Amino acid sequence: MIRAGVVGASGLVGGELIRLLTPHPELELTFLGGSASAGRHIGELHPGLREPALTVRHVTEATTGRLDVVFLATPAPVSADLAALLADRIPAVIDLSGAFRIRTPELHDRWYPAVERRADLLRRFVYGAPELVGDQLADAALISLPGCHATAITLGLAPLALGLGLPLKKVLVDAKSGSSGSGLRLRTAALHPLRSGAITPYAPTGHRHAAEVTDFLRRTRPGSIESLSMSAYGVPSVRGLLASIYVFTDQVVGQRELQRAYVRFYKGHPFVRARRHTETRIPVPDPQAVLGSNFCDVTALADEDGGRVVVLAALDNLVKGAAGQAVQAANRRFGLPEETGLTMRPVMPA
């Protein structure tokens, strides 16, 4: 068995990692790490979970010394410190924060000014998008998981930028996500009397995940994208994320070519479902149709009158946008079938 640990066990993503790792046939959860929650049991932190019978412990070289993989579900500044502590002591560290996502120093400093990271560690981190980085995850010692919005946007754009090779002149993103994307921080704007029924423009003129997507695409295929801007809104649901992506390019692409490009690009990738907008009784992609699963549903539509391509991408922000993708990356890292421990179906209605 591959011995796994979760640091940041008291948070929403930490709880989701515990939920997914507990029944995993090859990864054995043997360590829970935390600071303020040290000494507490799983059931105290997550009412829906009672197993395994582990207590949260402080993270030290001694407590993590026998692990094969550690998942860091911690804030970015904490992850930067823990990565420095655990690198070269544990075979694989998978960071779910934004500490190492953006490689370009100027972009990182703009969006994560409080996060100082070691340059030598940054060079070793692999961007952990399993469908897009291929064999780079095999034997990777340090993996930086994409953000939830960034996952949806990048999976939505990749068939255009990396598959068809279209130069993306301008990309506009309208992203909507549930309250779990804000974690468990107590803030006035997140209180139920203010959040319920509201559509909250919490980042109307920019978001760090837009910088992350731009950074990744430009590094992967230079010249693939000129500009990407994003507006983010909170909606009155707990889970789920929908990215509406408007792509302007000088090349005309018809609907049939778009559909074929997406199906071809994600052939053999079980967790990205290329869908037709009208194939079900409700229009898709819809976050409801992926909740609780590791799927990302994507649709591309040719808008000839608007001179644009409309791409829609939906996922569960706690699963494919975080914990599920982390387990998927771990499976790739240790040579396991990608679907191992992730075969759960969506829960609908939820």
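*Asks:* I'd like to hear about helix α3 (residues 76-86), residue by residue, with values.
*Replies:* Along α3, the residues classified as buried are Ala76, Ser79, Ala80, Leu82, Ala83 and Leu86. Against β1 (2-7), β3 (69-72), β4 (92-95) and α5 (119-124) lie the buried residues of α3.

*Asks:* Let's hear about the sheet that holds strand β5 (residues 126-127): which residues, and what values?
*Replies:* The strand order across the open sheet built from six strands is β2-β1-β3-β4-β6-β5, with neighbouring strands paired in parallel fashion. Strand pairing shows two members of the sheet lacking a second neighbour, β2 (27-33) and β5, which therefore form its edges. Note that β1 and β3 share four bridges and pair parallel. Note on β3: the bridge partner recorded for Val6 is Phe71. In this fold α3 packs onto β1, β3 and β4, with an angle of close to 170 degrees to the strand it touches most, β3.

*Asks:* Please set out the packing of aromatic side chains residue by residue, giving values where relevant.
*Replies:* Tallied over the entire structure, the rule returns four aromatic pairs. With a centroid separation of 4.8 Å and 25 degrees between ring planes, the pair formed by Tyr127 and Phe216 is classed as stacked. A residue pair is termed long-range when its members are at least 10 positions apart, and Tyr127 in strand β5 and Phe216 in helix α9 (residues 208-220) qualify at 89 residues. For Phe216, a relative accessible area of 4% translates into the label buried. When the centroid spacing of 5.0 Å and the interplanar angle of 80 degrees are considered together, the rings of Phe265 and Tyr266 count as edge-to-face. Judged by its relative accessible area of 22%, Phe265 falls in the partly exposed class. Stacked on the ring of Tyr233, the Lys or Arg Lys176 has its end atom at 5.3 Å from the ring centre.

Each value, and the rule that gives it
- Residues numbered from 1 in each chain as written.
- Predicted model: local features only at pLDDT ≥ 70, side-chain atom pairs only at ≥ 80, totals over all residues.
- Heavy atoms only, no water.
- Buried < 20%, exposed > 50% of the residue type's maximum accessible area, 1.4 Å probe, protein only.
- Helix = DSSP H or I, 4+ residues; strand = E, 2+ residues; numbered from the N terminus.
- Contact = heavy atoms within 4.5 Å.
- Pairing = 2+ DSSP bridges.
- Axes fitted to C-alpha atoms, helices over the stretch in contact; angles between N-to-C directions.
- Phe/Tyr/Trp six-rings, centres within 6.5 Å; stacked < 30°, edge-to-face > 60°.
- Lys NZ or Arg CZ within 6 Å of the ring centre and 35° of its normal.

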